[in-house]
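A closer look at the structure
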Amino acid sequence: MEAFQKEHNLPLPPTDKVLFLKQVQHELDETRQEAEVAYTLDKEIDPIPDSAYNDTLVLLETLCNYELPTPEVSWAEDGSFSIGWYLDEGTITMGIYGDDLVIYNAFFEEKRQFEGICALSDTPMLSGFLKMLTNILM
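Residues numbered from 1 in each chain as written. Predicted model: local features only at pLDDT ≥ 70, side-chain atom pairs only at ≥ 80, totals over all residues. Heavy atoms only, no water.

Points about the pattern of salt bridges
Close approach of charged atoms allows side chains of opposite charge to pair. Under the defined criterion, the tally for this structure stands at two salt bridges. Its salt-bridge partner being Glu36, residue Arg32 comes within 3.6 Å of it at the nearest N-O pair. Here Glu36 and Arg32 lie together in helix α2 (residues 17–41), a separation of four residues that amounts to about one turn. Judged by relative accessible area, Arg32 falls into the buried class, the value being 18%. Asp50 is the partner of Arg32 in a salt bridge, and the nearest nitrogen-oxygen pair spans 2.2 Å. Here the residue Arg32 occupies a position in helix α2, and Asp50 occupies one in helix α3 (residues 50–63), the gap between them amounting to 18 residues. What you see here is one network of salt bridges that share partners, running through Arg32, Glu36 and Asp50. (Salt bridge = Lys/Arg side-chain N within 4 Å of Asp/Glu carboxyl O. Helix = DSSP H or I, 4+ residues; strand = E, 2+ residues; numbered from the N terminus. Buried < 20%, exposed > 50% of the residue type's maximum accessible area, 1.4 Å probe, protein only.)

Some words on the environment of Gln23
Of note, Gln23 is situated in helix α2. Separated by 47 residues in sequence, Gln23 and Thr70 place their C-alpha atoms 9.0 Å apart.

And the structure:
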């Protein structure tokens, strides 16, 4: 595992799923607060709905079942959260808007890329993407 961390420079998740969830929920809460402050300063930014927060939390809980590096959590001006892994050779992101959909993108060089949309509640489809993600990142 150390070789992976050095090679990709991504933080590995704690082995304790409860600790992992607490860490990512804390990051999600901080990100949400940052987005709310930005919205109060600039009303042209869309506020992040509670449903986007809840959907993101469900997705983060789902990630606990996979041995993935800890993702970065960020927000966008369109009222969404983004969960991502940023590698030297590519980028993987998942956008969550609060409509029960996960929009995912992975870009590696010009020839290796995929993108899609699946319902957060579509466990087989989401599981397939997360297994593919595990293969890429691990």
